[in-house]
Amino acid sequence: MKIAFLGLGHMGLPMARNLQAAGHDVAGFDVMPAAREAAAAGGVPLAASGTDAATDADVVITMFPAGKHVIEAYEGGLLAAARPNTLFIESSTIAVDEAQAAHALAIAAGHRNIDAPVSGGVVGAENATLAFMVGASDEDFAAALPLLEAMGKRIVHCGGPGLGQAAKVCNNMILAVSQIVVGEAFVLGERLGLSHDALYDVAANASGQCWALTTNCPVPGPVPTSPANRDYQPGFAGALMAKDLGLALQAIDQTSTDARMGRLAQEIYAAFAAGSGGGRDFSGIITDIRDGQV
């Protein structure tokens, strides 16, 4: 297929390269010069603009920082530039209502659209092991599936338009709360005289087992591949977690859901991102816990 891949940042560029490796004809674009330079160095052909990339594409994939960028691109000529019935795959993490608005815009312009946010971070993007949470009709999901399988390992059809984003915000709310409490447990263990290895050996093989512990362990040592062993280099940055929790909070408010842990996690990560943690892995929240800053 001819694919326009728009948004060639830390996630988008390796995703585009994996599509190339699967035999697709990819043309990319990013508004940031540094991203375009990295894409050119990485062998991804560049179009002069996003609309130019979309003109002859069978599929347009967007990987943007926020929902407003998606809506602006759709309304700013991207939909008009594409051929009728082009499949638009929206893989940014945006609000549920923004995903539904983007879907409506695409349908009104004579195209197809799915939301397919991802989980798995930069490592998952590089290794083509991302998880995709997809909101789409059955027909559009089937059309997109071979492309998603070229970039990911687990693809879940979550329901209709917007429900991929719904699954993403719920998942990341769980993750944020888990990462905070794992950090709290290690700090408590330290102050009780418990070694990191001992606590890890118990919790990783008992009812406290979770991804935030066994993959993203917030202390150096027990999990050699965790960000804690490289000074909390992301990974998944604290600023991105704060952004995703902001989307979760928006959904909580819109649905009048009693989600006190989700609200508290949003407050904690907003403060972490505003301080030293914006560019650090979100597991670095343990340092704020130690310092009493949460």
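Small disclaimer: the values here were computed from a predicted structure and weren't measured.

Asks: Which parts of the structure should I look at to understand the environment of Gly238?
Replies: Within the element layout of this structure, Gly238 appears in helix H11 (residues 238-255). Residues Gly238 and Arg280, 42 residues apart in the sequence, show an inter-C-alpha distance of 5.8 Å. Setting aside residues up to four positions removed in sequence, Gly238 forms contacts with Phe272, Ala273, Gly277, Gly278, Arg280, Asp281 and Phe282.

Asks: Help me understand unusual backbone geometry in this model?
Replies: With the exception of glycine, the majority of residues adopt a negative phi angle, and the majority of peptide bonds are in the trans configuration. Note that the residue after Pro234, namely Gly235, is joined by a cis bond; omega there is 15°. Examined against the element boundaries, Gly235 turns out to sit in the loop between helix H10 (211-214) and H11. Within the chain, Asn85 stands out as a residue other than glycine whose phi angle is a positive 70°. Relative to the assigned elements, Asn85 resides in the loop between helix H4 (67-81) and strand S4 (87-90). Judged by its relative accessible area of 44%, Asn85 is partly exposed. Residues other than glycine seldom take positive phi values, yet Asp231 does so here, at roughly 60°.

Asks: Can you walk me through the pairing of strand S2 (residues 25-29) in this structure?
Replies: Consecutive side chains of a regular strand alternate in pointing toward one face of the sheet and then the other. Note: strand S1 (residues 2-6) against S2, five bridges, orientation parallel. Note that in S2 the partner of Phe5 across the bridge is Gly28. A crossover connection joins S1 to the parallel S2 through helix H1 (residues 12-21); in handedness this β-α-β unit is right-handed.

Asks: For this particular structure, what's the right way to read the pattern of salt bridges?
Replies: Pairing of side chains with opposite charge becomes possible as their charged atoms draw close. On inspection of all chains with the given rule, the structure shows five salt bridges. Between Lys168 and Asp244 there is a salt bridge, with its nearest N and O atoms 4.0 Å apart. With Lys168 in helix H8 (residues 163-192) and Asp244 in helix H11, this residue pair connects regions lying 76 residues apart in the sequence. Asp244 carries the same exposure label as Lys168, and that label is buried.

Asks: Just to check I follow, could you spell out the pairing of strand S5 (residues 112-115) for this structure?
Replies: Pairing between S4 and S5: four bridges, direction parallel. When the bridges of S5 are listed, Leu87 appears paired with Arg112. With helix H5 (residues 96-108) bridging S4 and the parallel S5, this β-α-β connection has right-handed handedness.

Asks: Would you explain the packing of H1 against helix H7 (residues 138-151) in this entry?
Replies: The description of two packed helices rests on the angle between their axes and on the distance between the axes. It is at 8 Å that the axes of H1 and H7 come closest, and there the two elements cross at 115°. By the angle class used here, H1 and H7 are roughly perpendicular. Once H1 is placed against H7, the crossing between them reads as right-handed. Counting all contacts with H1, which are made through Met15, Asn18 and Leu19, the residues of H7 involved are Leu147, Ala150 and Met151. Taken together, the residues that form the contact of H1 with H7 break down as five nonpolar, one polar and no charged.

Asks: In this structure, what is going on with the packing of H4 against H5? I would like to understand it.
Replies: Running from N to C, H4 and H5 cross one another at 10°; their axes reach a closest spacing of 9 Å. The pairing of H4 with H5 is recorded here as roughly parallel in orientation. Between H4, through Gly67, Lys68, Val70, Ile71, Tyr74, Glu75 and Leu79, and H5, the contact on the second element is made entirely by Glu98, Ala101, Ala102, Leu105 and Ala106. Of the residues belonging to the contact of H4 with H5, the class tally is eight nonpolar, one polar and three charged.

Calculation rules
Residues numbered from 1 in each chain as written. Predicted model: local features only at pLDDT ≥ 70, side-chain atom pairs only at ≥ 80, totals over all residues. Heavy atoms only, no water. Helix = DSSP H or I, 4+ residues; strand = E, 2+ residues; numbered from the N terminus. Contact = heavy atoms within 4.5 Å. Buried < 20%, exposed > 50% of the residue type's maximum accessible area, 1.4 Å probe, protein only. Pairing = 2+ DSSP bridges. Right-handed = clockwise from strand over helix to strand, strands pointing away. Salt bridge = Lys/Arg side-chain N within 4 Å of Asp/Glu carboxyl O. Axes fitted to C-alpha atoms, helices over the stretch in contact; angles between N-to-C directions. Parallel < 35°, antiparallel > 145°, perpendicular 65-115°, else oblique. Left-handed = near helix turned anticlockwise from the far one by under 90°. Nonpolar A, V, L, I, M, F, W, Y, C, P; charged D, E, K, R; others polar.

In short, the description is geometric, and any link to function would need to be established separately.
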